[in-house]
Amino acid sequence: MTQVTFDFCQQSSGHPVQVANPNRRAREPTMRVLVAGATGAIGKELVPRLVEAGHEVFAMVRSESGKSGAARLGAVPVIADALDRSQVEAAVREAAPEVIVNQLTAIGDIDTRHFERSFAATSRLRIEGNDNLLAAARATGVRRFVAQSNGAFTYDRTGGRVKSEQDPLDRSPIAPMASMIAAVEHLEKAVLSADWTEGIVLRYGAFYGPGTSMAPGSEQLEMIRKRKFPVVGDGGGVWSFIHIADAAEATVAAVENGGRGVYNIVDDDPAPVAEWLPELAVMLGAKKPLRVPRFVGRLAAGEAGVVLMTELRGASNAKAKRELGWHPAHPTWRQGLQPVA
C-alpha cells in the first residue's frame, strides 16, 4: 500500500431525481449563476443541471482552451485565473451573477504519505481563490455565495462517531493534515462572516461513482481487488460517502433554496473502514482485505493514512435533508457501489 487514493473531485454520469419535501422553501426563479471550477469534476455534473433548471449559467475558466468545454456544458464562459484578483473581478463583472458557486479545487490522486503536498494547490485556492471571488462578489452585489468545503477528512476526531454541522472541525490535527484543515476553516469563516451576502458552505463527503477513484477499473478498486488495500489497525475510522451526482443535486438545491450556514452533503450510511472495505471487496469478487497493525500502516501510508483508517468521524445529512429538501438518490454506498462488481 504505497499510495492510497481518495477522490473528491471526479465526474459522474446519471441524474438522480430529488424527493419532494414539505419543508423545502419555494424554488427561486431563473437566476444568473457563475460557477468557478465549472469544468472540474463537480462542475461537469452541476452546470448541466443548473442549465436544465432554467438558470443562465456562466463558467469561470482559466484560459481560452477551457471555453469550449464550458460551452459544451451549456454555460457562457468567462476567463479568469482564480488567483488573480483583478481578473476574477473582471470576470464577475462581465457575468453579473446573482449567485456565485465556488467549486475550485486542484486535487488529483492523494498520496497519504505526502498529504500536505497533495492538498497544497487546493488549499491555496480555498484561501486566495475564495477570497478573490468574495471580493468580486461584494463589489458587484452578489446575493448568494455557495462554496465547496470538506466534510470527509475534517471533523474533530473525538466524541461521537457521526458529527453534525454544529460539531467543531479537528482542533488538534496531525501535522500533515493541519494546512488542509486550516484552509477549510479559512474558507468557511470567510463565507459565513460575509454579512452582505447569503453565505452557504457545503461539506461534501468522500466522492464515488463513475469517473472517480471508486469506479470500475480505477486504481483504488484494483488495489482492493488484489488485496493491496488492507484494513489498518481496528479500521475504526468512520467514512461518509456521497455519489458525485447526488453532490451535484444537493448543490443545485443550495443554489435555489439554501439559507446561510453549513450543510453536510453525505449519504445516509456512515460506516467504519472495517465495515465498508470488506463489503466492497465482496462486491468486487475479491478476498477479504488483509489486516495490518498501525505501525505497519504508518510505514506504508504515513501518519495521515493511519488517521484516515482509524480515527475519522462521519457526518450526518439531517440538516441538508430538512432545510434544502434534498435526499440522495443513492442513500447508501452499499447500493451505489453495487455496479462496480
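The shown structure was predicted, so the numbers you read here are calculated from the model rather than taken from an experiment. (Residues numbered from 1 in each chain as written. Predicted model: local features only at pLDDT ≥ 70, side-chain atom pairs only at ≥ 80, totals over all residues. Heavy atoms only, no water.)

A. Summary view of the sheet that holds strand S5 (residues 144-150). Spatially, seven strands are ordered S3-S2-S1-S4-S5-S7-S12 in an open sheet, and the strand pairing comes out parallel. Looking at the sheet topology across the chains shown, the edges are occupied by strand S3 (76-79) and strand S12 (261-265). Each strand of the sheet is rotated relative to its neighbour by a mean of 20 degrees, with strand direction disregarded. Contacting strand S1 (32-36), strand S4 (99-102), S5, strand S7 (198-204) and S12, helix H7 (residues 244-257) crosses the sheet at an angle of about 150 degrees to S5. (Pairing = 2+ DSSP bridges. Helix = DSSP H or I, 4+ residues; strand = E, 2+ residues; numbered from the N terminus. Axes fitted to C-alpha atoms, helices over the stretch in contact; angles between N-to-C directions. Contact = heavy atoms within 4.5 Å.)

B. Focus on the pattern of salt bridges. What the rule picks out here adds up to 20 salt bridges. A salt bridge links Arg 32 to Glu 56; the shortest N-O distance between them is 3.2 Å. Taken as a pair, Arg 32 in strand S1 and Glu 56 in strand S2 (residues 56-61) lie far apart in primary sequence, 24 residues in all. We classify Glu 56 as partly exposed; its relative accessible area is 38%. (Salt bridge = Lys/Arg side-chain N within 4 Å of Asp/Glu carboxyl O. Buried < 20%, exposed > 50% of the residue type's maximum accessible area, 1.4 Å probe, protein only.)

C. View of the pairing of S2. Burial of S2 is extensive: five of the six residues sit out of reach of the surface. As paired strands, S1 and S2 are joined by five bridges and run parallel to one another. Across the sheet, residue Val 35 finds its bridge partner in S2, namely Ala 59. Handedness of the β-α-β unit built from S1, helix H1 (residues 41-52) and S2 comes out right-handed. Looking at chain direction, S2 and S3 are connected through four bridges and run parallel. Bridged to Met 60 within S3 is Val 78. After leaving S2, the chain enters helix H2 (residues 67-72) and then returns to the sheet as S3, a path that is right-handed. (Right-handed = clockwise from strand over helix to strand, strands pointing away.)

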